[in-house]
Amino acid sequence: MDFTAQPKPATALCGVVSADGKIAYPPGVKEITDKITTDEMIKRLKMVVKTFMDMDQDSEDEKQQYLPLALHLASEFFLRNPNKDVRLLVACCLADIFRIYAPEAPYTSHDKLKNLAWVKSYNICFELEDCNEIFIQLFRTLFSVINNSHNKKVQMHMLDLMSSIIMEGDGVTQELLDSILINLIPAHKNLNKQSFDLAKVLLKRTVQTIEACIANFFNQVLVLGRSSVSDLSEHVFDLIQELFAIDPHLLLSVMPQLEFKLKSNDGEERLAVVRLLAKLFGSKDSDLATQNRPLWQCFLGRFNDIHVPVRLESVKFASHCLMNHPDLAKDLTEYLKVRSHDPEEAIRHDVIVTIITAAKRDLALVNDQLLGFVRERTLDKRWRVRKEAMMGLAQLYKKYCLHGEAGKEAAEKVSWIKDKLLHIYYQNSIDDKLLVEKIFAQYLVPHNLETEERMKCLYYLYASLDPNAVKALNEMWKCQNMLRSHVRELLDLHKQPTSEANCSAMFGKLMTIAKNLPDPGKAQDFVKKFNQVLGDDEKLRSQLELLISPTCSCKQADICVREIARKLANPKQPTNPFLEMVKFLLERIAPVHIDSEAISALVKLMNKSIEGTADDEEEGVSPDTAIRSGLELLKVLSFTHPTSFHSAETYESLLQCLRMEDDKVAEAAIQIFRNTGHKIETDLPQIRSTLIPILHQKAKRGTPHQAKQAVHCIHAIFTNKEVQLAQIFESTGEKNGKLWSPDEEVSPEVLAKVQAIKLLVRWLLGMKNNQSKSANSTLRLLSAMLVSEGDLTEQKRISKSDMSRLRLAAGSAIMKLAQEPCYHEIITPEQFQLCALVINDECYQVRQIFAQKLHKALVKLLLPLEYMAIFALCAKDPVKERRAHARQCLLKNISIRREYIKQNPMATEKLLSLLPEYVVPYMIHLLAHDPDFTRSQDVDQLRDIKECLWFMLEVLMTKNENNSHAFMKKMAENIKLTRDAQSPDESKTNEKLYTVCDVALCVINSKSALCNADSPKDPVLPMKFFTQPEKDFCNDKSYISEETRVLLLTGKPKPAGVLGAVNKPLSATGRKPYVRSTGTETGSNINVNSELNPSTGNRSREQSSEAAETGVSENEENPVRIISVTPVKNIDPVKNKEINSDQATQGNISSDRGKKRTVTAAGAENIQQKTDEKVDESGPPAPSKPRRGRRPKSESQGNATKNDDLNKPINKGRKRAAVGQESPGGLEAGNAKAPKLQDLAKKAAPAERQIDLQR
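The rules behind each value
- Residues numbered from 1 in each chain as written.
- Predicted model: local features only at pLDDT ≥ 70, side-chain atom pairs only at ≥ 80, totals over all residues.
- Heavy atoms only, no water.
- Helix = DSSP H or I, 4+ residues; strand = E, 2+ residues; numbered from the N terminus.
- Buried < 20%, exposed > 50% of the residue type's maximum accessible area, 1.4 Å probe, protein only.
- Contact = heavy atoms within 4.5 Å.
- Areas by Shrake-Rupley, 256 points an atom, 1.4 Å probe, with all protein chains shown as cover.
- pLDDT = per-residue confidence, 0-100.
- Salt bridge = Lys/Arg side-chain N within 4 Å of Asp/Glu carboxyl O.
- Core = buried A, V, L, I, M, F, W, Y, C linked by side-chain atoms within 4.5 Å.
- Patch = residues over 30% accessible without salt bridge, like charges linked within 9 Å, V, L, I, M, F, W, Y side chains within 5 Å.
- Lys, Arg positive; Asp, Glu negative; His and termini not counted.
- Charge placed at Lys NZ, Arg CZ, Asp CG, Glu CD.
- Axes fitted to C-alpha atoms, helices over the stretch in contact; angles between N-to-C directions.
- Parallel < 35°, antiparallel > 145°, perpendicular 65-115°, else oblique.
- Nonpolar A, V, L, I, M, F, W, Y, C, P; charged D, E, K, R; others polar.
- Phe/Tyr/Trp six-rings, centres within 6.5 Å; stacked < 30°, edge-to-face > 60°.
- Left-handed = near helix turned anticlockwise from the far one by under 90°.
- Disulfide = S-S within 2.5 Å.
- Expected span 1.5 Å × (residues − 1).

J.: I'd like a rundown of the overall build of the protein chain, residues and numbers included.
T.: When helices and strands are tallied, the protein chain shows 57 helices and two strands. Within the span of the protein chain, comprising 1255 residues, buried residues form 56% of the whole. Within the protein chain, residue pairs in contact and separated by at least 24 positions form 76% of the contacts whose partners lie at least 6 positions apart. For the protein chain, the accessible area works out to roughly 55,600 Å², and carbon and sulfur atoms hold 50% of it.

J.: Describe the confidence of the model for the protein chain, listing the residues and the values that go with them.
T.: Should pLDDT be low for a region, the predicted coordinates there are not to be read in detail. When pLDDT is averaged across the protein chain, the result is 75; 76% of the residues are at 70 or more. Averaged pLDDT values over the elements of the protein chain bottom out at 32 in strand 1 (residues 1087–1090) and peak at 93 in helix 24 (residues 417–423). Between residues 731–735, whose pLDDT stays under 50, and residues either more than four places distant or in other chains, the model counts five contacts.

J.: Describe the pattern of salt bridges, and please don't skip the residues or the numbers.
T.: With the rule as written, the count across this model stands at 39 salt bridges. Between Glu842 and Arg807 there is a salt bridge, and its shortest N-O distance comes to 4.0 Å. Of the two residues, Glu842 is situated in the loop between helix 45 (829–836) and helix 46 (844–859) and Arg807 in helix 43 (residues 800–817); the sequence distance between them amounts to 35 residues. Judged by relative accessible area, which is 9%, Glu842 ranks as buried. With relative accessibility at 2%, the residue Arg807 sits in the buried group. The salt bridge partner of Arg898 is Glu917, with a shortest N-O separation of 2.5 Å. Taken as a pair, Arg898 in helix 47 (residues 880–903) and Glu917 in the loop between helix 48 (911–914) and helix 49 (919–928) lie far apart in primary sequence, 19 residues in all. One continuous salt-bridge network, built from bridges that share partners, spans Arg701, Lys738, Glu744 and Glu745.

J.: Which residues make up the nonpolar core, and what values do they have?
T.: Counting residues in hydrophobic clusters, the biggest one holds 170 residues, and the most contacted among them are Leu203, Phe218, Trp296, Phe299, Leu332, Trp477 and Phe673. When residues of this core are assigned to their parent elements, the largest contribution, nine residues, is made by helix 22 (residues 383–402). Those residues in contact with Trp296, other than ones at most four positions away along the chain, are Phe281, Ala289, Phe317, Cys321, Leu328, Asp331 and Leu332. Leu834, Cys835, Ile901 and Leu949 belong to the second-largest nonpolar core, a separate cluster that totals 105 residues.

J.: Run through a negative patch on the surface, naming residues and quoting values.
T.: Residues Asp56, Asp58, Asp61 and Glu62 make up a contiguous surface patch of negative charge. One can find Asp56 in the loop between helix 2 (38–54) and helix 3 (60–73). When its relative accessible area of 47% is taken as the criterion, Asp56 is described as partly exposed.

J.: Now, about a nonpolar patch on the surface: what can you tell me, with residues and values included?
T.: Side chains of Leu760, Trp763, Leu781 and Leu792 sit close together on the surface and give an oily, nonpolar patch of about 330 Å² of accessible area. Position of Trp763 among the secondary structure elements: in helix 41 (residues 748–767). You can call Trp763 partly exposed: its relative accessible area is 43%.

J.: If you had to explain the packing of helix 15 (residues 267–282) against helix 18 (residues 308–324) to someone new, which residues and values would you point to?
T.: Any two packed helices are characterised by how steeply their axes cross, that is the angle between the axes, and by the distance between the axes. Between helix 15 and helix 18, the shortest axis-to-axis distance is 9 Å and the interhelical angle comes to 0 degrees. As judged from the angle between their axes, helix 15 and helix 18 are roughly parallel. When helix 15 is examined against helix 18, the residues Gly267, Arg270, Leu271, Val274, Arg275, Ala278, Phe281 and Gly282 are found in contact with a partner set consisting of Pro309, Val310, Glu313, Ser314, Phe317, His320 and Asn324. Looking at the contact of helix 15 with helix 18 residue by residue, the classes come out as seven nonpolar, five polar and three charged.

J.: Describe the packing of aromatic side chains, naming the residues involved and giving the relevant values.
T.: Evaluated as defined, the whole model comprises 17 aromatic pairs. Aromatic pair Phe299 and Phe303: ring centres 6.5 Å apart, planes at 85 degrees, arrangement edge-to-face. Taking the relative accessible area as the measure of exposure, Phe303 reaches 0% and is therefore buried. When the ring of Tyr922 is compared with that of Phe1025, the centres are 5.6 Å apart and the planes differ by 85 degrees; the resulting orientation is edge-to-face. On the criterion of sequence distance, the pair formed by Tyr922 in helix 49 and Phe1025 in the loop between helix 52 (987–1007) and helix 53 (1042–1050) is long-range, its members being 103 residues apart.

J.: Please provide a residue-by-residue account of the environment of Gln480, values included.
T.: Here Gln480 lies in helix 27 (residues 467–495). Gln480 sits in the buried class, given a relative accessible area of 12%. Counting along the chain gives 110 residues from Gln480 to Ala590, while the straight-line C-alpha distance between them is 8.6 Å.

J.: Account for the packing of helix 35 (residues 648–658) against helix 36 (residues 663–676), with residues named and values stated.
T.: Contact geometry of helix 35 with helix 36 gives a least axis separation of 8 Å together with a crossing angle of 145 degrees. Between helix 35 and helix 36 lies a crossing of left-handed hand. Contacts between helix 35 and helix 36 involve Tyr651, Leu654, Leu655, Cys657 and Leu658 from the former and Val665, Ala666, Ala669, Ile670, Ile672, Phe673 and Thr676 from the latter. A per-class count over the contact of helix 35 with helix 36 returns eleven nonpolar, one polar and no charged.

J.: Lay out the state of the cysteines with the relevant residues and their values.
T.: Per the stated rule, a full pass over the model turns up zero disulfides. Of the cysteine sulfurs around Cys401, a residue in no disulfide, the closest is that of Cys457, at 9.9 Å. You can see Cys948 has no disulfide; the closest cysteine sulfur is in Cys874, sitting 9.1 Å from it.

J.: Talk me through the environment of Cys657; I want residue IDs and the actual numbers.
T.: For Cys657, the position within the fold is in helix 35. Classification of Cys657 by relative accessible area gives buried; the value is 0%. Sequence separation between Cys657 and Ala669 is twelve residues, and the spatial gap between their C-alpha atoms is 6.4 Å. Excluding residues that lie within four positions of it along the chain, Cys657 makes contacts with Met606, Asn607, Ile610, Val665, Ala666 and Ala669.

J.: Any chance you could break down a positive patch on the surface for me, citing the residues and the numbers?
T.: A cluster of like positive charges, contributed by Arg762, Lys816, Lys856 and Lys860, occupies part of the molecular surface. As for its placement among the helices and strands, Lys860 is situated in the loop between helix 46 and helix 47.

J.: Now, about helix 47: what can you tell me, with residues and values included?
T.: With 24 residues, helix 47 extends 35 Å between its outermost C-alpha atoms, agreeing within 8% with the 34 Å of an ideal straight helix rising 1.5 Å per residue. All buried positions along helix 47 are accounted for by Glu881, Arg882, Arg883, His885, Ala886, Cys889, Leu890, Asn893, Ile894, Arg897, Arg898 and Ile901.

J.: Before we move on, could you go through helix 40 (residues 721–729) and cite the residues and values that matter?
T.: Burial within helix 40 is extensive, with seven of its nine residues counted as buried. For helix 40, the secondary structure elements touched by its buried residues are helix 38 (685–701) and helix 39 (704–717).

J.: Quick rundown of unusual backbone geometry? Include the residues and the values.
T.: Keep in mind that most residues, glycine aside, have a negative phi and that most peptide bonds are trans. With phi around 50 degrees, Asp519 is a residue other than glycine that occupies positive phi space. On the secondary structure map, Asp519 appears in the loop between helix 28 (500–514) and helix 29 (520–536). Taking relative accessible area as the criterion, Asp519 reaches 39% and is therefore assigned partly exposed. The residue Lys768 is not glycine, and still its phi comes out positive at about 60 degrees.

J.: I'd like a rundown of the environment of Asp930, residues and numbers included.
T.: By the secondary structure assignment, Asp930 is in the loop between helix 49 and helix 50 (939–956). A C-alpha to C-alpha distance of 9.8 Å links Asp930 and Ala836, two positions 94 residues apart in sequence.

J.: Before we move on, could you go through the side chain of Asp350 and cite the residues and values that matter?
T.: Topologically, Asp350 is positioned in helix 20 (residues 345–361). Lys316 provides the closest opposite charge to the buried, unpaired Asp350, separated from it by 4.2 Å. Setting aside residues up to four positions removed in sequence, Asp350 forms contacts with Leu312, Val315 and Lys316.

J.: Tell me about the side chain of Ser801, and name the residues and values.
T.: Relative to the elements of secondary structure, Ser801 occurs in helix 43. Taking the relative accessible area as the measure of exposure, Ser801 reaches 5% and is therefore buried. If we skip the residues at most four places from it in the chain, Ser801 touches Lys738, Leu739, Trp740 and Ser741.

Structure follows, in structure tokens:
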């Protein structure tokens, strides 16, 4: 700013004059003008000088009074007066004026100051004896006056004024030098930055003149020790630093003096000089080390100083020097090497800090030798030094390897760090182990990364570790897992009643836990306190139980740790050793890296490596190494975290590995299944079903190592291991009788047909219209294939397994076409029913794969709601796992649909296709057309219908959302007011429909007390299946009697449970029809021929889209094996009738409906039995065997009804039907035993029937 812009007080004062408009003079001084003589002027000026000299800065009145006089004396007349005495006296006055009015400027225009500098008015003071005092006063005044408001011109005038005095004088006195240097002292520098800048520029301008004076000053203080020469003697080192920063030439003569001081006998003095030189050598733009090599070498010698603080200060300097002067690293390396072995712990510690600090700034600043010093210190005898070295290296690894901040070259330079850090886990100190665990969680594989990124980091870390580091990491996981088990056992002890034995066991467990924490002595007390808190705080105990639960996820673990720490924290106690110890414990037991999601991500990474789509090369790992290490990692984690593998997604990925051609890959995958699959059999039936044939194939056809591991896996996972192993070692038998076979055994013709079906479907889906009516003909073809059981030519030249493949392809194709609205509309109810009955196919694999495809399409809302009704038929599946899978699918589908309705307001307009309850009409219609439902008053058949209804209704009625129970009841009631749109004029068809409705109403009323409420809205029935209700039509008739109703709800359990009822006449599409043999067929002999179809154990692997949907036949899953029975021939027909009569009354025989039942347990469904039984020769001829899916001819039905009482089922030579799983006292399918033949066993020759479970 210009002088004209001074602060208001100065500006106001500058305009003050006396009251009469004249200049005020001191008392006794007359007016000074150009009209008086020179002598008189000198006389009067001397009196003015005396007055200004006596004035203080506090004399505000006098300052205002004499301000006009001050302005008058600064006029051109006085400053340029030819008389030097006049100019001298005026200069003295002006010096005092600057002092008095400081820090305000007494002049409104910089021209006054310019005049002073330009005419060098003060230079005349050199002729005075006390000129030095005047100059000192002037310099102090100018340094105190300068402020932010002055512009550059003013500063330049001040510099001109002062520099002219310095350069034109005979020398600079110490006092005048002090007035300049004092502004460089940090305390003054911070108070007035402008005065510092002014002094800085002044020194630069006068460096040639003032350098000698500065050298003399420092010589007096540093060399001669005369600190009294100046008040600034105690600030010499600060001044040297500032002067060096201003201009190193100011200290040309001073530097040798510093070398002298470095060799002082006084340790504190050497320390001060070392601190100074560290700043001079280390400053960014300094070239002092290059310009003054002797001083640099002398300074380096202080690294070996006897005084510890000097060595410490020298080491600290090295960090700045490395960062600012990389070229000096070579000189420093040898000295740092010596200091890294210094006997003082603090110095060794600071050597590490120095190197790590520089390396974090830029890795190129430190050479491999310096990093080697840090590496050595990881084994230092002092914990503080080891910790600093380990943490420093960990930070470098994270910065340059994980984040890749300096490229691949830098990452390669520090790639050894991960191995070195993990090697430290071999140390005996618990502190080292805990720090390695912390480093692993925070730096090597940061736990706060997203799951996929974290697992990628772990995957490639494990692949790049050396063998010893891998062992250390494995041991770390093992120790953490062991500590987790100790804490779990401690919590179990808390649940037991208090006793002396319990307290003793708890104390032992606490001591064990304390040994796994730092400072076990103190840890014992803290662990005891923590145990007491656990006993008192149930919520804290539940949080800890969740933390160590095998199912705890990484995110849950983080929440639990923070919650437990929050409860134990004490705000009044900032440092809480107890809390710190608990945190150590929680950090060790918390699963911060591995959970089910992490294992799934890890498996996917390995799959990518196997497929060649991973970034292995970019991560510096070869694909082969990545695969081998990934499998090894999964194997290790399968030991330490087996529960984390227990998810369908993870096992599906591992199944893909099992299918790989690489023998080592498959072998490792089998080992992982062996370690983690203890719950597969109970919780994941679909995985179990897929895994069994694969293990059988590996055991039979794999390498010796694979076979060994497969046998181990079967022994570890399955409860029926004896049967599984027996099936592996027995002969595979004939292939033609099997209902399913591996891909390599499927004929090329069938494979071509399957692909042709897929081709047709894809073509139709691509067209998305039916203008050419191609879809109708395709649907007729697919329906015909289902009706003919897969044998379109009906020439019986195709194997049963191939027929199963074609049935599956046909059912899947119809389901695929139904996903397109234009094709769904043309699918008739009959075709829909044919498709639905595939889920009850006699082949296990067909049922399994079809159900999986159905669920997959439903869960994505691709299929219409009516297809969810198909799952009701799963109640008839003889395999418990399949029923459980179907129920889970229903739960999932219903949940998704309800959630979709909640989240999409527009979905309310499409409730008919989305609301799960609307599946009830479709289910009722489907069950009314079930081929097994032939007689509407048959109690056994009604019980089947009831079980199918309840299978679906149980899931729907879990919650009564929006009064859904009443809504479903209303739907069933409304159906009774309509007719079956499929056959509206057939009374029998409508009667079956109404009967199913009554059964449904019976179930709903018995299971829910809320169903009698008013329905929230009137349900809409699908017009495709039901006619419009007639206005005058009222259907109040009950189609099931009260006795039947009671039997359905409270009657005795069926001899063969509905859910296990495989022994039903499967006369419709999707199920094998069996016709009961009559006397005309079997009168000549009594022979039971049972075709055994033992499983080959081979997994079936679809090479098309069905690759992951392979199942296993039931006879491969359960321990029941059916052996052929050959009774004695020539049994008396009369006796045989008695035997048949006795057997007909047994609880395991269902009533016959004109067809031969398939009496198969839940473990032997796919076994075909052909039994010729001796019956009354007078019996009527047997009806012809109907084809799959075709309706029985009317005469066949008539014969079945007519001969119902005449032809009783015979169970001779066949295994008893398995008792339903839900029946009390029922045997598990896996433990079922063949019953003894009662009278037949007594009268017949010794039976050949055996059950060899050990073979």
